[in-house]
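# Structural overview
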Amino acid sequence: RSDRSTHAAKPPFAMSSDNVAISAEFSPELRVLRDSNKEEPQLLPKESVQDMAKDVTYICPYIGALRGTLTVTNYRLFFKCMDRVSFVLDLPLGVVSRVEKIGGASSRGEVSYGLVCKDIRNLRFAHKQMEDSLIKSIFEILMKFAFPVSNGLTIFAFEYGQVYPENGWKVYDAQAEYKRQGLPNESWRITKVNDHYELCDTYPSTLVVPVNIPDEELKRVAAFRAKGRIPVLSWIHPESQATVIRCSQPMVGVNGKRSKDDEKYLQTIMDANAQSHKLFIFDARPSVNAAANKMKGGGYESEDAYQNAELVFLDIHNIHVMRESLRKLKEVVYPNIEESHWFSNLESTHWLEHIKLILAGALRIADKVESGKTSVVVHCSDGWDRTAQLTSLAMLMLDGHYRTIRGFQVLLEKEWLSFGHRFQLRIGHGDKNHTDADRSPVFLQFIDCVWQMIRQFPAAFEFNEYFLITILDHLYSCLFGTFMCNSEQQRVKEELPKKTVSLWAYINSQLEEFTNPLYVNYSNHVLFPVVSMRHLELWVGYYIRWNPRMRPQEPVHQRYKELLAKRAELQKRVEELQREVTNRSAASSSERAGSPTRSITPVQTFV
Amino acid sequence: MEHIRLPKVEKVRLINKISSRRASVGTLYLTATHTIFVENETEIRTETWVLHSLVCSVEKQATTTTGTPLLVHCKNYQALRFIIPQERDCHDVHVSLLRLSRPERYEELYCFSFHANSDKEVRGQAWDFLSLKAEYSRLGVPNHLWNLSPVNRDYKVSDTYPAELYVPKSATHPVIVGSSKFRSRGRFPTLSYYCKENDAAICRSSQPLSGFSARCLEDEQMLEAIVRSNPRSDFMYVVDTRPKLNAMANRAAGKGYENEDNYSNIKFQFIGIENIHVMRNSLQKMLEVSEAWSPSMSEFLEGLESSGWLKHIKAVLDAGIFIAKAVAEDGVSVLVHCSDGWDRTAQVCSVASVLLDPYYRTLKGLMVLIERDWVSFGHKFSHRYNHLDGDPKEVSPVIDQFLECVWQLSEQFPCAFEYNERFLITIHNHIYSCQYGNFIGNNQKERTELRLQEKTHSLWTYLWENRTDHINPLYRPDHSQTRGVLRPVTAPYCFKFWRALYNRFDRGMHPRQSVIDYLMAVREETQQLEEQLVSHEEKISMLEKEQGKSIQAKMNTLDRSHAVWASPPSESCLGLANTPGDYSGLGGFLTSSPCQQTGPESSLLILPGPGERGKPSDPDLSTNSDDQESGIADLSSPPSEDSAKDPDEAAYSAA
């Protein structure tokens, strides 16, 4: 029996922590840790060493200065400590947001470099100054490969040629997903109007719209919605036919412009649901911001113009506020936590407050659809950030399919990728411009909200925490093509499915790692999480995972598996004996051995 | 009975504090021991019982159009709001409850009337369930270093100490008595925990009466004797759990702390746990936060922080860690004291014991620990938990903090504790409830005088009999981390708000699905399966016998299925044949995955369970079919009813 405590004693620092820590060793870029005798990493296909430097010092905030060899490839940074046995730092360059030279050369002739990372950590190295100024320092090489886009290089995802058993790009098929939802039906049709992204270049090609609105009218509606992002169906309730509709803000402007087509369109959406004579419009923004948008030609639906519609503001702040909040959070949790004011420091970041507002908004949407049987329209300004957060979370609450591993992949592909959440801009893949105001942790917040839900419903999700952490790690890693580009149109143009590997190919090749042992299929159930403060917690397993003190004390996960495996085992044996009893008593004369004990169906099996 | 002015009020509305929109109408009854509210409307009779001894405050509010509200707060954090139609009735209920919830004499307490007529002999045996003598002998004392001292047999030396105390063998009678005279309340240094692996000990006492310069030779000799009773170490720690300022202030009153210069071979250390008054106020502040209906982010977090409660919990745990480290790692004995040595000292010694010894992480172990460090050493239960109407300044959540430390540890080490949080909450409840005799009175002398063992029941036997409710399904006694000393992390984010205790009755506030409920159901099912297995085996062996008699006659008429099972199970191949085969699918899966290592996680799956019996089936038939069955079940079959029920309901309930 292998005891994992031996692993816990000296964790490889580059890996994800928490209960599933060991699983991190299975991920492709971390497999190298198995061969930690070598100074160099074990390279991935098409990965090549670009530079190597001995006598580099890594200044670890937890254990102090470590001396070792630094290797830079076109994909990763790899540091291996020479004097201490087990220390390895291995991170994809995509994680690096910024590299800065700190101060001049020290008395020892060393120069310091700071690496600010997108995954809540900062790394610091020191290296001797190059005597010959013509020779590039390893950190200059690093900068070149960390920001390929800024340096005219290709992102590693386009080179990585690993073959997986499954083509992850096939996970999502819009037609199939709508068919699963029962679409098209008598009220809703699938339109080809955006087949060539002519109606809206940030929308997917497949759109679901009301049956009796012809494509020509859709074009007139598009003219009244920001970026042409017209209201389209995201999800339909299998029984009540109440729908979740998403779009961008209406172009009302200061003069309170109206559009008969848009008004009629929303009325048609309401009429498509016979159960309710009302339509809820959820504007994700604070009302002040929504009003301020009028100055820029945008705005919100007035209840005068839209009869039977009720407008609700959800008070979720914009991408700039969220970016600032995460910056503060990072300051509070990394590298060390100030002992005395933990709660007030955490509070001052407002991070949990934002999480709460997003979850509360999604909850209201799900409640209106499920309990109120009312269709809802969700938008923010452009309808690709807060709107994606809200619709995808509401759909996660409403539809058990999205709570499976594959279903969740479909949800991401659909609500985030196909509907044009601007991943390239929000994350800034390979771009050195770290101050870009378009960067924002919108997707991270969504995953955080999912984690909060997992905690409240530990048996309702097929995937585990490690699945979420893996998605976040590869959001930045630039190993897979999944989170590249800003829209479906761009992805098609760049031929991503042909040139890159999908993250889902990797994940689906080892589902075992990402499966929640407690999962029970609650597919017909709607989950309403509690969004009160007492139930929201900082996701320590993600935000504080670099801190060695965070190391999990005991592998609960494994204990779950053991308990469930033991039950499954017993179930099997009882069934066998049951059969034997029946057989024997059948064989042994007329005397039948009572009534058979009820057979037990396994709740969860791992084979 | 004479205190009940009004035994019954009708048309009373009960409002649960949290879901304040819904009120239920019913009848309120006052009995000698409980307030009982019976709902009218519902088809099923719903009753709410509140024990008088658990009531901590009764407040009558201003009359409104609907009636007069009566607010009842309980020591177990239940809060109820009754609205009584007539003000006069409300007044009567109020006055009655005030008196009923504040008994003046021990004899009025609930434990003396709870099942008073049960068999005396059985009751007496129940009290013998835990024996401190057995506990000390488990620890390995008396031995060549430690003696049982008869000095306090009649509670003459210290009336708050137990009769049986363990002292270093080299400490003579005059030394003990001399030392006791130099200590507050005569509470001289004596043994609390002994580590037989390295002879290091945890001793406890009260503060020395050192004032600014007083010395006592016997006390110095007493400490020297403790140092000598640990042959592997040449010094000991003296831990004063108070903040230094408080200890210095005590000097002015002729008390204080040990001067390192006067005692040979001691290292003196302040720990800085605040006193009972600070703790009482801190809890009060935290409860204000936990009672808030819908606190904002900043109200909750800042309120929690400014209450200081978790900081105090951390201080107690840190002190325990210091001592556990000294004993386990350095092999150094420790003497712990505070002022009187019955509050902070009890906390710190018992926390250190839980960290050091896995036994205290079992059900029975925690009971014994509370019995030893708290009950026998004279923690003033009746004063601290307000059993009788007394001085409110004596009340403080001291043992509450110990229980919370254990809870915080169990959150950090989820597989290391045999008991679950319900066990801790039940103990907490009964410390206040006065339903059992265990925690009545303030010291052993008082308890003996009250003849509690004759007149009341013991909580420990009740808990032991109901232990299935209190078992942590994750407990794994064989795990390496479970066996050794616990080394918790005490970074601030490791301390959580204990929702299950402080919001115990706010049902709307609990998570919709609880892993522990789920796992307990799994565990129960596993047990049932094991029973079924045994019964099947018996049935089979019975059938075999029968068949043996009649088999010859039937041999000719054997059907196909019989042929499969015909070979009788041989004992030699028990539990082997069907395990690896069952998981062959897994092996296939792993080889096809891009990553070759299977890792410890999956290898564990193949191990047969420890309690495995049963008979291997014919491999050809059973492994194949079972494999398929489980594979299909995985995808299509609904969860078994038993285990799904709980989370099921939860998933439906609306926000």
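Residues numbered from 1 in each chain as written. Chains lettered and ligands numbered in written order. Predicted model: local features only at pLDDT ≥ 70, side-chain atom pairs only at ≥ 80, totals over all residues. Heavy atoms only, no water.

Convention followed: UniProt positions are given in the numbering used here, feature names are shortened, and annotations may be inferred rather than shown by experiment.
In the annotation of an unreviewed UniProt entry, chain B is listed under the name Myotubularin related protein 7a and assigned to Hucho hucho. Here is the UniProt Sequence similarities (unreviewed entry) comment for chain B, exactly as written: "Belongs to the protein-tyrosine phosphatase family. Non-receptor class myotubularin subfamily."

For chain A, an unreviewed UniProt entry supplies the name Phosphatidylinositol-3,5-bisphosphate 3-phosphatase MTMR2 and the organism Hucho hucho. Listed in UniProt under the heading Sequence similarities (unreviewed entry), the comment for chain A reads: "Belongs to the protein-tyrosine phosphatase family. Non-receptor class myotubularin subfamily."

### A few points about the side chain of His312(B)
Residues and elements named next belong to chain B. To keep it simple, the criterion reads: What counts as a helix is a DSSP run of H or I of at least four residues, what counts as a strand is a run of E of at least two, and both are numbered from the N terminus. For the exposure calls, accessible area comes from a 1.4 Å probe over protein chains only, and a residue counts as buried if that area is under 20% of its type's maximum, exposed if over 50%, partly exposed in between. The contact criterion used is simple: two residues touch if any of their non-hydrogen atoms lie within 4.5 Å.
With respect to the helices and strands, the residue His 312 is situated in helix 9 (residues 309-328). His 312 gets classed as buried once you look at its relative accessible area, which sits at 8%. Once residues within four sequence positions are removed from consideration, His 312 is found in contact with Glu 274, Val 278, Met 279, Ser 282 and Gln 401.

### Topic: the domain arrangement of chain B
Residue and element names in this part refer to chain B. The condition that has to hold: Either an automatic procedure or a domain database provided the assignment from which the domain bounds are taken. By convention, the term buried area covers the 1.4 Å-probe accessible surface removed from two parts as they join, with the contributions of both added. Whenever Lys or Arg places a side-chain nitrogen within 4 Å of a carboxyl oxygen from Asp or Glu, that contact is recorded as a salt bridge. Any N or O atom pair separated by 3.5 Å or less is treated as a polar contact, with the protein-specific requirement of one donor-capable and one acceptor-capable atom, and with residues adjacent in sequence counted only for side-chain atom pairs. Any residue outside Ala, Val, Leu, Ile, Met, Phe, Trp, Tyr, Cys, Pro, Asp, Glu, Lys and Arg is labelled polar, Gly included; the first ten of those are nonpolar and the last four are charged.
We note that the domain assignment places domain 1 (8-102) and domain 2 (120-507) within chain B. Using only C-alpha atoms to locate each centre, domain 1 and domain 2 end up separated by 37 Å. For the domain 1 and domain 2 pair, buried surface summed over both sides reaches about 1500 Å², with 58% attributable to carbon and sulfur atoms. Taken together, domain 1 and domain 2 are joined by zero salt bridges. Where domain 1 touches domain 2, the interface holds four residue pairs in polar contact (both at pLDDT 80 or more). Here the residues of the side of domain 1 that touches domain 2 sort into four nonpolar, five polar and four charged.

### A few points about the UniProt feature "active site" (unreviewed entry) in chain A
Residue and element names in this part refer to chain A. Under the feature "active site" (unreviewed entry), the UniProt entry names Cys 380. On the secondary structure map, Cys 380 appears in the loop between strand 14 (375-379) and helix 10 (386-398). Setting aside chain neighbours within four positions, we find Cys 380 in contact with Cys 247, Gln 249, Asp 283, Ala 284, Arg 285, Asp 385, Arg 386 and Thr 387.

### Focus on unusual backbone geometry
Phi is mostly negative for residues that are not glycine, and the peptide bonds are mostly trans. Residues and elements named next belong to chain A. Cis geometry is adopted by the peptide bond preceding Pro 184, which originates at Leu 183 and carries an omega value of -5°. With respect to the helices, strands and loops of the structure, Pro 184 is situated in the loop between helix 3 (174-180) and strand 8 (188-191). For the bond from Tyr 334 to Pro 335, the omega torsion is -5°, close enough to zero to count as cis. Tracing the chain through its elements places Pro 335 in the loop between helix 7 (319-333) and helix 8 (342-349). The backbone phi angle of Asn 308 is positive, close to 70°, even though this residue is not glycine. By the secondary structure assignment, Asn 308 is in the loop between helix 6 (287-292) and strand 13 (309-313).

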